Amino acid sequence: SDPWTYVVLASDFVTSSASAVDVTGMALTPSANLRYEISGIFLLRTATTTVGPRTGVAWPTGMTDGIVVLRVESAADTQVMAQGNINAAVLAPVGGLPTNTLSYPGELRGMLLAGASPGSTFRLQLASETAGTNVTMKAGSFIRYRTF
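Heads up: these notes are all about the structure in this document.

## Regarding the overall build of the protein
Right, on to step 1. In terms of regular secondary structure, the protein is built from 0 helices and 12 strands.
Right, on to step 2. Moving toward the C terminus, one meets the helices and strands of the protein in the order β-β-β-β-β-β-β-β-β-β-β-β.
Right, on to step 3. Relative to a compact globule of 148 residues, whose C-alpha radius of gyration would be 15 Å, the protein shows 15 Å and is just as compact.
Right, on to step 4. Taken along its principal axes, the extent of the C-alpha atoms in the protein is 45 × 35 × 25 Å.
Right, on to step 5. Classification of the 148 residues of the protein by burial places 43% in the buried group.
Right, on to step 6. Across the protein, every contact between residues at least 6 apart in sequence was considered, and the portion connecting residues at least 24 apart equals 78%.
Right, on to step 7. Here the protein has roughly 6800 Å² of accessible surface; of this, 51% comes from carbon and sulfur atoms.

See below:
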């Protein structure tokens with residue numbers, strides 16, 4: 001059987017906030033003392049050419065360790081990247097998409113080590129490069145995780 005648990009975005013998520021906001025439903029609640037491998041693929045769009053959607057993550061409390069790498073398209077053949085750990089939320093840098101009529105990729109790879117008393121959730125986030133400009137994570141985008 002498939003060892004992965006998928007969390008799939010059921011409907012488009014739109015924000016115009018320049019601050020990271022939680023993507024509704026795109027989270028995992030860790031169990032005590034387990035290790036998680038997490039990955040995700042995102043269909044990203046912008047309402048205005050050259051304004052980029054910025055993916056991010058917010059960490060649960062009570063973790064022993066954790067890391068993440070985020071990649072987001074910023075031009076036809078270029079990506080921007082952010083990486084970090086459980087010390088602070090991680091948000092991809094500004095970049096901008098070349099068109100506003102097609103989806104471009106975003107990607108997440110990470111690892112989470114839960115402590116004895118985890119609290120809250122591992123949450124996928126999204127922000128607009130420019131406040132007031134809509135960016136969208138399209139339905140069908142997903143995170144998946146498995147324990148090891």
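## Here's the deal with the packing of aromatic side chains
Right, on to step 1. In this structure the tally under the stated criterion is 3 aromatic pairs.
Right, on to step 2. Plain terms: the ring middles of Tyr-6 and Phe-142 are 5.4 Å apart, the flat faces sit at 50° to each other, and that makes the pair tilted. Here Tyr-6 is found in strand β1 (residues 5-8), whereas its partner Phe-142 is found in strand β12 (residues 142-147), with 136 residues between them in sequence.
Right, on to step 3. Each ring, one from Trp-59 and one from Phe-122, has its centre 5.6 Å from the other, and the planes form 70°; the classification is edge-to-face. With Trp-59 in the loop between β5 (53-58) and β6 (61-75) and Phe-122 in strand β10 (residues 122-128), this residue pair connects regions lying 63 residues apart in the sequence. Here Trp-59 matches Phe-122 in class, with each residue buried.
Right, on to step 4. One residue, Arg-144, lies across the ring of Trp-4, its end atom 3.9 Å from the ring centre.

## Describing the pattern of salt bridges
Right, on to step 1. This model, assessed by the stated rule, comprises 5 salt bridges.
Right, on to step 2. Among the ionic pairs, Asp-12 bridges to Lys-138, the shortest N-O distance being 2.8 Å. One end of the pair, Asp-12, is in the loop between β1 and β2 (13-15); the other, Lys-138, is in the loop between β11 (135-137) and β12, with 126 residues separating them in the sequence.
Right, on to step 3. Salt bridges sharing common partners tie together Glu-37, Arg-109 and Arg-146.

## What about the environment of Leu-108?
Right, on to step 1. Its place among the elements puts Leu-108 in strand β9 (residues 104-119).
Right, on to step 2. Setting aside anything within four residues of it in sequence, one finds Leu-108 in contact with Ile-38, Ser-39, Gly-40, Phe-42, Val-57, Val-68, Val-69, Leu-70, Phe-122 and Leu-124.

## Section: the pairing of β5
Right, on to step 1. Where burial is concerned, most of β5 is hidden: 6 out of the 6 residues are buried.
Right, on to step 2. Burial along β5 is two-sided: the face carrying Pro-53, Thr-55 and Val-57 and the face carrying Arg-54, Gly-56 and Ala-58 are both buried.
Right, on to step 3. Sheet topology note: the β5/β10 ladder contains 6 bridges and is antiparallel. Across the sheet, Arg-54 pairs through a bridge with Ala-127, a residue of β10.
Right, on to step 4. Of the pairings in the sheet, the one linking β5 to strand β8 (residues 90-91) comprises 2 bridges and is antiparallel in character. In the strand pairing of β8, Gly-56 is matched with Leu-91.

## What about the sheet that holds β8?
Right, on to step 1. Read across the sheet, 4 strands follow the order β3-β10-β5-β8 without closing on themselves; strand pairing throughout is antiparallel. The sheet is open, and its two edges are formed by β3 (21-28) and β8, each paired on a single side.

## Some words on the environment of Ser-17
Right, on to step 1. Examined against the element boundaries, Ser-17 turns out to sit in the loop between β2 and β3.
Right, on to step 2. For Ser-17, a relative accessible area of 24% puts it in the partly exposed group.
Right, on to step 3. A C-alpha to C-alpha distance of 23 Å links Ser-17 and Ser-120, two positions 103 residues apart in sequence.
Right, on to step 4. Not counting residues up to four positions away in its chain, the partners in contact with Ser-17 are Ala-127 and Ser-128.

Cut-off values and rules
- Residues numbered from 1 in each chain as written.
- Predicted model: local features only at pLDDT ≥ 70, side-chain atom pairs only at ≥ 80, totals over all residues.
- Heavy atoms only, no water.
- Helix = DSSP H or I, 4+ residues; strand = E, 2+ residues; numbered from the N terminus.
- Rg over C-alpha atoms; globule rule 2.2 N^0.38 Å.
- Buried < 20%, exposed > 50% of the residue type's maximum accessible area, 1.4 Å probe, protein only.
- Contact = heavy atoms within 4.5 Å.
- Areas by Shrake-Rupley, 256 points an atom, 1.4 Å probe, with all protein chains shown as cover.
- Phe/Tyr/Trp six-rings, centres within 6.5 Å; stacked < 30°, edge-to-face > 60°.
- Lys NZ or Arg CZ within 6 Å of the ring centre and 35° of its normal.
- Salt bridge = Lys/Arg side-chain N within 4 Å of Asp/Glu carboxyl O.
- Pairing = 2+ DSSP bridges.

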